[in-house]
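Close look at the chain arrangement
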Amino acid sequence: MSEYIPFQFRCRAVDIEHSCRHRNEKEPRHPPELLKCVESIVKATQGMLFHGIIKSAANNYQINSNFDSSWIKEVNAAGWKSESLRNLGNLKGIPNIQPDAILSKDNVTIIVEIEKSNKKTIWFDLIKIMMLIGQGVADFGILVGPRNYAHKVGVWDIFSEACDYRWYLAEYAKVDHNLLSRIAIIGYTQEAHISGNWARLDSSVVKSIKEQARQPLSKMLFT
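Residues numbered from 1 in each chain as written. Predicted model: local features only at pLDDT ≥ 70, side-chain atom pairs only at ≥ 80, totals over all residues. Heavy atoms only, no water.

1. What to know about the packing of helix 4 (residues 122-134) against helix 5 (residues 158-171)
How we decide: Here the axes come from fitting lines to C-alpha atoms, over the contacting stretch only for helices, and the angles between their N-to-C directions go from 0 to 180 degrees. Helix numbers and strand numbers start at the N terminus; a helix is a DSSP run of H or I with at least 4 residues, a strand a run of E with at least 2. Geometric relationships in this document are graded by angle, where less than 35 degrees denotes roughly parallel, more than 145 denotes roughly antiparallel, 65 to 115 denotes roughly perpendicular, and other angles denote oblique. Should the near helix be turned anticlockwise from the far one by less than a right angle, the crossing is termed left-handed; should it be turned clockwise, right-handed. What makes two residues a contact is simply this: any of their non-hydrogen atoms within 4.5 Å. Any residue that is not Ala, Val, Leu, Ile, Met, Phe, Trp, Tyr, Cys, Pro, Asp, Glu, Lys or Arg is counted as polar, Gly included; the first ten are nonpolar and the last four charged.
Contact geometry of helix 4 with helix 5 gives a least axis separation of 10 Å together with a crossing angle of 55 degrees. Looking at the two axes, helix 4 sits oblique to helix 5. The two elements helix 4 and helix 5 meet at a crossing, and its hand is right-handed. Together, I122, W123, L126 and M130 of helix 4 and I158, E161, A162, Y165, R166, Y168 and L169 of helix 5 make up the contact between the two elements. Here the contact of helix 4 with helix 5 is built from residues that sort into 9 nonpolar, no polar and 2 charged.

2. Concerning the environment of R21
Tracing the chain through its elements places R21 in the loop between strand 1 (7-18) and helix 1 (32-45). Considering only alpha carbons, one finds R21 and C163, 142 residues apart in sequence, at a separation of 6.1 Å. The contact partners of R21, leaving out residues within four places of it in the chain, are K26, E27, P28 and C163.

3. Describing the state of the cysteines
Note on terminology: disulfide describes a covalent bond linking the sulfur atoms of two cysteines. The line we're drawing: Whenever a pair of cysteine sulfur atoms sits within 2.5 Å, that pair is classed as a disulfide.
For the coordinates displayed, the defined rule picks out 0 disulfides. C20 takes part in no disulfide bond, and the closest cysteine sulfur to it belongs to C163, at a distance of 5.8 Å.

4. Considering the pairing of strand 1
Definition in use: Here, strands pair whenever DSSP counts at least two bridges between them.
Direction of pairing for strand 1 relative to strand 2 (residues 49-54): antiparallel, over a ladder of 6 bridges. Each bridged residue has a counterpart across the sheet, and for C11 the counterpart in strand 2 is F50. In the sheet, strand 1 pairs with strand 10 (residues 183-194) via 6 bridges, with the strands oriented antiparallel. Each bridged residue has a counterpart across the sheet, and for R12 the counterpart in strand 10 is E191.

5. Structural notes on the pattern of salt bridges
Going by this rule: Think of a salt bridge as a Lys or Arg side-chain nitrogen and an Asp or Glu carboxyl oxygen that are within 4 Å of each other. With a 1.4 Å probe rolled over the protein chains alone, any residue whose accessible area is under 20% of its type maximum counts as buried; one over 50% counts as exposed, and the rest are partly exposed.
Scanning the entire structure with this criterion turns up 5 salt bridges. The partner of K128 in a salt bridge is E113, and the shortest N-O contact between them spans 3.3 Å. Highlighted residues: K128 in helix 4 and E113 in strand 6 (residues 108-114), separated in sequence by 15 residues. Taken as a pair, K128 and E113 share a single burial class, namely buried. A salt bridge links E161 to K119; its shortest N-O distance comes to 3.8 Å. Residue E161 is found in helix 5, and its partner K119 is found in the loop between strand 6 and helix 4; the two are separated by 42 residues along the sequence.

6. Some points on the environment of N148
Operational definition: Pairing of N or O atoms within 3.5 Å defines a polar contact, subject to two protein rules: one partner must be a possible hydrogen donor and the other a possible acceptor, and residues neighboring in sequence count only if both atoms are side-chain atoms.
For N148, the position within the fold is in the loop between strand 7 (140-146) and strand 8 (149-151). Taking the C-alpha atoms as reference, N148 lies 9.7 Å from S203; in sequence the two are 55 residues apart. Setting aside anything within four residues of it in sequence, one finds N148 in contact with V155, W156, Y188, T189, Q190, R200 and L201. Looking at N148, its side chain comes within polar contact range of the main-chain nitrogen of Q190, at 2.8 Å. A polar side-chain atom of N148 sits 3.0 Å from the main-chain carbonyl oxygen of L201.

Quick look at the structure:
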């Protein structure tokens, strides 16, 4: 059996916005410094390109992407400096956790968590951000997630789930509102480039991508 040739296709993130609003609730309060930072980051990443890739036939041709590294590259280009993740294990009272990024600009430091697909880990993303803010590692935190993580049987709105979970922490866990106000959630819509056009990722598009990935030497539609 011949070796599988990885299948790569272009993607982009559009309609990037900040919102922590739970359903019909009003947008919660945020410090002006955080809103200024979020505005800068949303502007820097609007329409950003990244790649989807299927590395093997394992797990039904599982699709991965380099969204996280591409996102960090774009915000770095906008003047945000990536700080070292070393020595976080020396913090007292919390486990040795590693955020996806620590960014700094104009004497402001932000913890970043990027959740691309697994809505079950949103809880830990939020807790991790709160712990690191509480330890003085950062001033604020940002959680980034898609509106449309598409798989073969449906689409998950990770962005809305994150907003819901944030509200649950405030409403039922009674987490301090001042702490939660230091966390902002950013959402985006994923599109794939197919036959010269951009298509919003959904189950049908994912099916088409995987069908093409099964024939990696045929005419490329996803370029």
